[in-house]
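# Structure at a glance
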Amino acid sequence: MTAIIALAGLSLIGIANNADRRVLSGWRGPMGTEALVADAAPANALVGVAQPQGRGLDAALVPSGNPLRAANTVITQGYGVGTHAPASVWGAIDLALDGNGDGKADPEGTWNQPVYATHAGRVTLTRDSWPGGNHIWVTNDQYRTGYAHLAGFAVSDGQWVNPGDLIGYIGSTGMSSGPHLDYQVWVWRDGRWVNQNPLDYFEYKRDNE
């Protein structure tokens, strides 16, 4: 990751002015990307609103909301940049927590924090993968979401989960230089999985707005 990625060009939905924008992390992320081989929310929590995806699809099957379910979530790397490029292969966002209230992500406030499923699906666990470390896929017929660099799992391989179920804990396993969650969204389209911008499936918005 680059140090403090600017939000220019990344318009987060539901923020009225610059003063409300989340601040990006100051710590650096994975280096040496050339080695990659392609292959109960608290008050003021971030609220996810899924974009319309067609008729007849159960809303529980569509990714929606923030997988950290915390108001102090910050983005430490944006979609399709840095180690997330090209987006068609590595598209994701990196999420961490601001544990001390300074508006920036910090490791102490991020380690071992809970991660929740953003939609219903079947769990596939991979331990010690590269580059994702301890990794979870949650998959149904239309969508799958990826949760990488986990410290540990709270679910079993093959288990069915629903939106909001606890699935794991933030860590720094795999190709990662600091604790964070690498979060991906994919949609099944024309016979293949197509990467999506996770920000299209949730918005930064305070409950009391």
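Conventions adopted
- Residues numbered from 1 in each chain as written.
- Predicted model: local features only at pLDDT ≥ 70, side-chain atom pairs only at ≥ 80, totals over all residues.
- Heavy atoms only, no water.
- Helix = DSSP H or I, 4+ residues; strand = E, 2+ residues; numbered from the N terminus.
- Polar contact = N/O pair within 3.5 Å; in protein donor to acceptor, adjacent residues only side chain to side chain.
- Phe/Tyr/Trp six-rings, centres within 6.5 Å; stacked < 30°, edge-to-face > 60°.
- Buried < 20%, exposed > 50% of the residue type's maximum accessible area, 1.4 Å probe, protein only.
- pLDDT = per-residue confidence, 0-100.
- Contact = heavy atoms within 4.5 Å.
- Pairing = 2+ DSSP bridges.
- Core = buried A, V, L, I, M, F, W, Y, C linked by side-chain atoms within 4.5 Å.

## Brief notes about the side chain of Asn140
- Along the chain, Asn140 falls in the loop between β5 (133–139) and β6 (143–153).
- A polar contact is formed between the side chain of Asn140 and the backbone nitrogen of Tyr143, at a distance of 2.7 Å.

## Things to note about the packing of aromatic side chains
- Applying the stated criterion across every chain yields a total of 3 aromatic pairs.
- Judged by centre distance (6.0 Å) and plane angle (75°), the ring pair of Tyr143 and Tyr201 falls under edge-to-face. Separated by 58 residues along the polypeptide, Tyr143 in strand β6 and Tyr201 in the segment after β10 (192–196) bring together distant segments of the chain. When sorted by exposure, Tyr143 lands in the same class as Tyr201, which is buried.

## Some remarks on the confidence of the model for the protein
- On average, residues of the protein score 76 in pLDDT, and 69% of them are at 70 or above.
- Taken together, the stretch residues 1–55 has pLDDT below 50 and engages in 121 contacts with residues farther than four places along the chain or on a different chain.
- Considering only residues more than four positions removed or in separate chains, one finds that residues 204–209, a stretch of pLDDT under 50, has 22 contacts.

## Brief notes about the side chain of Asp94
- Among the secondary structure elements, Asp94 is positioned in strand β2 (residues 93–97).
- Here the side chain of Asp94 touches His180 through a polar contact of 3.5 Å, side chain to side chain.

## Some words on the pairing of β6
- Burial within β6 is extensive, with 10 of its 11 residues counted as buried.
- Bridging between β5 and β6 involves 5 bridges; their strand directions are antiparallel. Following the sheet pairing, Asn134 is matched in β6 by Leu150.
- Linkage of β5 to β6, two consecutive antiparallel strands, is achieved through a turn of 3 residues.
- With 6 bridges joining them, β6 and strand β9 (residues 181–189) adopt antiparallel strand pairing.

## Observations regarding the nonpolar core
- Among the nonpolar cores identified, the biggest contains 29 residues, and Val115, Ile136, Tyr147 and Ile167 are the most heavily contacted of them.
- Within the residue set of this core, elements represented by two or more residues are β2, β4 (121–129), β5, β6, β8 (166–170) and β9.
- With residues up to four places along the chain from it excluded, the contact list for Ile167 reads Val115, Tyr116, Ala117, Ile136, Tyr147, Phe153, Ala154, Val155 and Val161.

## A few points about the environment of Trp90
- Tracing the backbone shows Trp90 in helix α1 (residues 87–90).
- For Trp90 and Gly80, which are 10 residues apart along the polypeptide, the C-alpha to C-alpha distance reads 7.3 Å.

## Examining the pairing of β8
- Strand direction decides the pairing type here: strand β3 (residues 114–116) and β8, joined by 3 bridges, are antiparallel. The partner of Val115 across the bridge, within β8, is Gly168.
- Pairing of β6 with β8 involves 3 bridges; the strand directions are antiparallel. Within β8, the position partnered with Leu150 by the bridge is Ile170.

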